[in-house]
Amino acid sequence: MDVSTSAEIESGKITVDVILPAAGSSERMKLPVSKQFLQVQGKHIVAYTVDSFHRLPWIRHIVVTVDSAHIEFTQKLMSNYGFNRVIVCAGGSTRHRSIFSGVNALRKLPDYTESGLVIIHDSARPLVPADIILKVAEAAQLHGAAGVTRPLVSTVIKGDASHMLTESLDRRHYRNSEMPQAFRYNVIASAYEKCTQDDFDFGTECLLLALKYSKCPAFLVEGTEDLWKVTYQKDLFLLDSVLKAKNSIVSVWSVLKDNPVSLEEIWSELNSKLIQKTEGDGAANTFVILLDPLETLHLDDLTFRISNQLRSLPHSSVNLRPLLLLIFVSNEIVQERPGLEFDNSCLQDGEISQSSQLIHKHLVSSDVTISSQCSSLGVQFTAEKLDRSHCPDLTLDSHVSHVQFMHLCLNVLQQVKVKLKTKESVDFITTGVISKITSLAVNEMVELISLRSSCLDNQVLSYL
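Residues numbered from 1 in each chain as written. Predicted model: local features only at pLDDT ≥ 70, side-chain atom pairs only at ≥ 80, totals over all residues. Heavy atoms only, no water.

(A) Structural detail: helix α9 (residues 233-247). End to end, α9 covers 22 Å across 15 residues, agreeing with the expected 21 Å (1.5 Å per residue, within 8%). Residues of α9 that are buried include every one of Asp-235, Leu-236, Leu-239, Asp-240, Val-242, Leu-243 and Lys-244, and no others. (Helix = DSSP H or I, 4+ residues; strand = E, 2+ residues; numbered from the N terminus. Expected span 1.5 Å × (residues − 1). Buried < 20%, exposed > 50% of the residue type's maximum accessible area, 1.4 Å probe, protein only.)

(B) A look at the nonpolar core. Val-50, Trp-58, Ile-62 and Ile-119 are the most contacted members of the largest nonpolar core, which has 52 residues in total. If one sorts the elements of this core by residue count, helix α5 (residues 130-143) sits on top with seven residues. The residues contacting Val-50, other than those within four sequence positions of it, are Leu-20, Ile-62, Val-64, Met-78, Phe-83 and Val-86. Core analysis: the next-biggest nonpolar cluster, separate from the first, contains 28 residues, Ala-145, Phe-183, Val-187 and Ala-191 among them. (Core = buried A, V, L, I, M, F, W, Y, C linked by side-chain atoms within 4.5 Å. Contact = heavy atoms within 4.5 Å.)

(C) Region of interest: the packing of aromatic side chains. A complete count under the given rule lists six aromatic pairs for this structure. Centroid distance Phe-37 to Phe-73: 5.5 Å. Interplanar angle 80°. Geometry classified as edge-to-face. With Phe-37 in the loop between β1 (16-21) and β2 (39-40) and Phe-73 in helix α3 (residues 71-80), this residue pair connects regions lying 36 residues apart in the sequence. Residue Phe-73 is classed as partly exposed on the basis of its relative accessible area of 43%. Ring geometry for Tyr-192 against Phe-200: centres 6.1 Å apart, planes inclined by 20°, an arrangement best described as stacked. Classification of Phe-200 by relative accessible area gives buried; the value is 8%. An aromatic cluster is present here, built from Phe-100, Tyr-192 and Phe-200 joined pairwise through their rings. Over the face of the ring belonging to Trp-267 we find Lys-277, whose NZ or CZ atom lies 4.9 Å from the ring centre. The side chain of Arg-305 reaches across the aromatic face of Trp-253, ending 4.1 Å from its centre. (Phe/Tyr/Trp six-rings, centres within 6.5 Å; stacked < 30°, edge-to-face > 60°. Lys NZ or Arg CZ within 6 Å of the ring centre and 35° of its normal.)

What follows is the structure, encoded as structure tokens:
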């Protein structure tokens, strides 16, 4: 990496704009909604992509080209996410036409300059690392054009009209062309101005246009495994899994007084699953809290710590929803159980039974809307709306019921939301009481963290 060029880019001396074509209909996805507007982990795919660039202060403008029917919707969407450097304009009927629309949109801006750089990326490639963006921008400044590549995984062959093999390419001499790609503005603008109708209708490779029409060979930057494109339905599940694995930051702490628990096994299991963890009061979005149901729970202290750790997270418009996992540990209430055994007495045919429905009834007056789902491991709640500003401390007696567990959990959740002053949903998982933290219990904890809120994110699944 050229240090001086990188410094000029990051300082803003070299202007860098981004074009994200998002006008496609996603035919291969075979869903009624274009893939870039699908939600994974509660956020739109295009929002993850925009955020990858918007979080970099040296990116000046981000142009998103969409179908003309989606302009108003996309503008509101970008505003709701707080993206204030995004320009939405109409794309075209093909990829190259959409990108050319973005090039022209940049030319109309008052701060337009031909000496700047333009990065082109796919709206359905949401996992682009910051260092790759900088590398491709630096290479474009030095060489005029640059693109990310990856090794070929499959052999490329050619057949004739009779479906007979005629040619097979040697993989050692070829690469996959990936995104992002970057160009000096005058290089890519000149190339598009010289394009033929055939280029616009059937072409897909911007680097080839720069070589063909601007006589500018591209420098090839080695990419990473993160740069794959959401194309098929199966990719939605992969994206869900990757987002949770990459972005979960776990804080584990105990407020047990008379029943101390070692956290070393929990830390070790998190490390084995490559899940990020934080110690002390470091930034976190996932909390495993060990509680004694017979002790008074001081909600102010608990929620103050959770809220501070959430606020310490790096700013992002597409952070994961916070997840709170409460585990009750007591030798006085239950006999030893092998894991996080759940109180199934409240379950009927996989749904919350009448006893747990009392929670809903009790909280109606508090203006709380709760959605819930059961699994074999526990009950998960998402609070969509919490307006009550005060919850009393709660002490459970020796006749602890599942409803009381839920009541306590929702009180904690309520205070966290009030302290954060957020409308964002918060996911909550709780279990029955266990006598000690066993190896099986630790494994189940990590499994719950890994699953996160998949069972609550049904917008995408409803289409499948």
